[in-house]
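Given next are the chains, with one letter for each unit.
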Amino acid sequence: MKKVIKNGTIVTASDTYFGDILIEDGVIVMIGVDLDAQNAEIVDASGCYVFPGGIDPHTHLDMPFGGTVTADDFESGTIAAAFGGTTTIIDFCLTSKDAPLSKAVEAWHAKSKGKAVIDYGFHLMIGEVNDDVLFELPQMIEEEGITSLKVFMAYKNVFQADDGTLFKTLQLAKEHGALVMVHAENGDVIAYLIEKALSEGQTEPIYHALTRPPVLEGEATGRAAALTELADSQLYVVHVTCAEAVWKIEEARKKGLRVYGETCPQYLMLDQSSLAKPGFEGAKYVWSPPLREKWNQDVLWNALWSGSLQTVGSDQCSFNFNGQKDLGLGDFSKIPNGGPTIEDRFSILYSEGVHKGRLSLHQFVDVIATSSAKLFGLFPQKGTIAIGSDADIVIFDPHCKRTISAETHHMKVDYNAFEGLEITGEPVSVLVRGEFIVRDKQFVGQPGSGQYLQRKRFNQPEKLPVKEQTMGGA
Ligand SMILES: NC(=O)NCCC(=O)O
Ligand SMILES: [Zn+2]
Ligand SMILES: [Zn+2]
């Protein structure tokens, strides 16, 4: 049935205006004033913003990691995402060196099909570039629409790839129109620092942060940018945490390189002191790269504002405190890395960004949806409100206040890293391709209704125009 969303304030990355949106067959077919609502269901958005659905470019659902498997799968994770205003995710498909890429992709389809309630795509991890990968990769890009490749520069002896692999992946990406994503930390030096700390009896969670200093994130970011320049390719640095990394991205962008950066709500809101909480509590705050000294938060907010960083991903990678994080009792290096963030990404960015005056409404939409759609080959199908776009829409009450808590969240995990944070603004209703998934704050979706997204090839400007270096935009 047709729907008309009426009386709301429509906000995109470039415009704010009052208007009605007519939806038919899952797509926005008309936008105007006082649209004829005959034969259409009227959805009243009075007093609310009407935003494009959030796009979360960085999730780990149902992923084996650190000797266990993430607590949220494609069902609970996407339900939580939908409550939080996210209508599309791009999840990381893990590969292994001794198996075909296609096997990993098949496994990720099996994890997500029949479960996801919102739309989803995959990034593909590259651990090594061998003859099999060279043969298979073009197929993955062409037939699966997987147009982003992830290389880990850290997690030695687990996921870490060497610089040769990163360089070859950048060359392949240039050739085939893909975007290379990096986890930028110097894994070799970190492995040495961890071993040294443990041998000196330093086993508590705070040593997770102290053995991964920011200079090693800055160094790896700069190295990846240099290899990108040499390959004349394109790079997206995931989960940027600190000034040292932001400066390297800014330096690259000033040269006109196609280098982009993402940060996450945890780095904008939390700091290293959480890891030093009494007892084992600090394990809840173990992410890699780690939380940093508090002053870095201003650097990250400013980088989102200036456009040096383009996106905010959740890096959702949830583990229960009891039964999973405690694998690292007595040895911080065994604490599973990651946390539950998929649900609160959108609202935290609105509340701490727009409501507190750090971001404009347009910058908010850009970092939460539009930039990711552009960088990851989904625009204009996703990431905006426009005629012809999918009707992925968030009706958002900007006035309502609530307190984030594990007692009320929808993630299948026993704590919330933002417990007690008071925020302003909340999604009221969320539609994916014109169908309600959340209606008046109640889940009304169906597991399996989310569709797999074949994405377009990377297609951003050859050189970043000078304006974008200082004013934002993907
Ligand atoms: N970030 C984190 O600690 N866990 C997820 C895996 C990754 O993105 O490195
Ligand atoms: Zn990572
Ligand atoms: Zn991640």
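These figures come from a predicted structure and were not determined experimentally. (Residues numbered from 1 in each chain as written. Chains lettered and ligands numbered in written order. Predicted model: local features only at pLDDT ≥ 70, side-chain atom pairs only at ≥ 80, totals over all residues.)

1. Notes on the overall build of the protein
1) Next: Each helix and strand counted, the protein has 13 helices and 19 strands in total.
2) Next: The globule rule puts the C-alpha radius of gyration for 474 residues at 23 Å, and the 21 Å found for the protein is close to it.
3) Next: Over its C-alpha atoms, taken along the principal directions, the protein stretches across nearly 70 × 50 × 40 Å.
4) Next: Counting over 474 residues, the protein shows a buried share of 58%.
5) Next: Sequence separation of 24 or more characterises 76% of the internal contacts of the protein that already satisfy a separation of 6 or more. (Helix = DSSP H or I, 4+ residues; strand = E, 2+ residues; numbered from the N terminus. Rg over C-alpha atoms; globule rule 2.2 N^0.38 Å. Buried ≥ 20, exposed ≤ 12 C-beta atoms within 10 Å, placed from the backbone. Contact = placed C-beta atoms within 7 Å.)

2. A word on the nonpolar core
1) Next: In terms of nonpolar packing, the biggest core is built from 146 residues, with V50, V180, V182, A224 and V237 touching the most fellow members.
2) Next: The leading source of residues in this core is helix α12 (residues 361-375), at 7 residues.
3) Next: Here V182 is in contact with V151, M153, L166, A224, L235, V237 and V238, once residues within four sequence places are set aside. (Core = buried A, V, L, I, M, F, W, Y, C linked by C-beta atoms within 7 Å.)

3. Some details on the sheet that holds strand β15 (residues 311-312)
1) Next: Here we have 8 strands laid out as an open sheet, ordered β6-β9-β10-β11-β12-β13-β14-β15, and parallel in their pairing. Of all the strands in the sheet, the pair left with one neighbour each is β6 (54-59) and β15.
2) Next: When strand β9 (residues 86-93) meets strand β10 (residues 119-125), the two strands line up parallel, connected through 6 bridges. Pairing of I89 across the sheet is with Y120, part of β10.
3) Next: Along the sheet, helix α1 (residues 74-83) makes contact with β6 and β9, crossing β9 at roughly 145 degrees.
4) Next: Along the sheet, helix α8 (residues 243-254) makes contact with β13 (234-237) and β14 (258-263), crossing β14 at roughly 155 degrees. (Pairing = 2+ DSSP bridges. Axes fitted to C-alpha atoms, helices over the stretch in contact; angles between N-to-C directions.)

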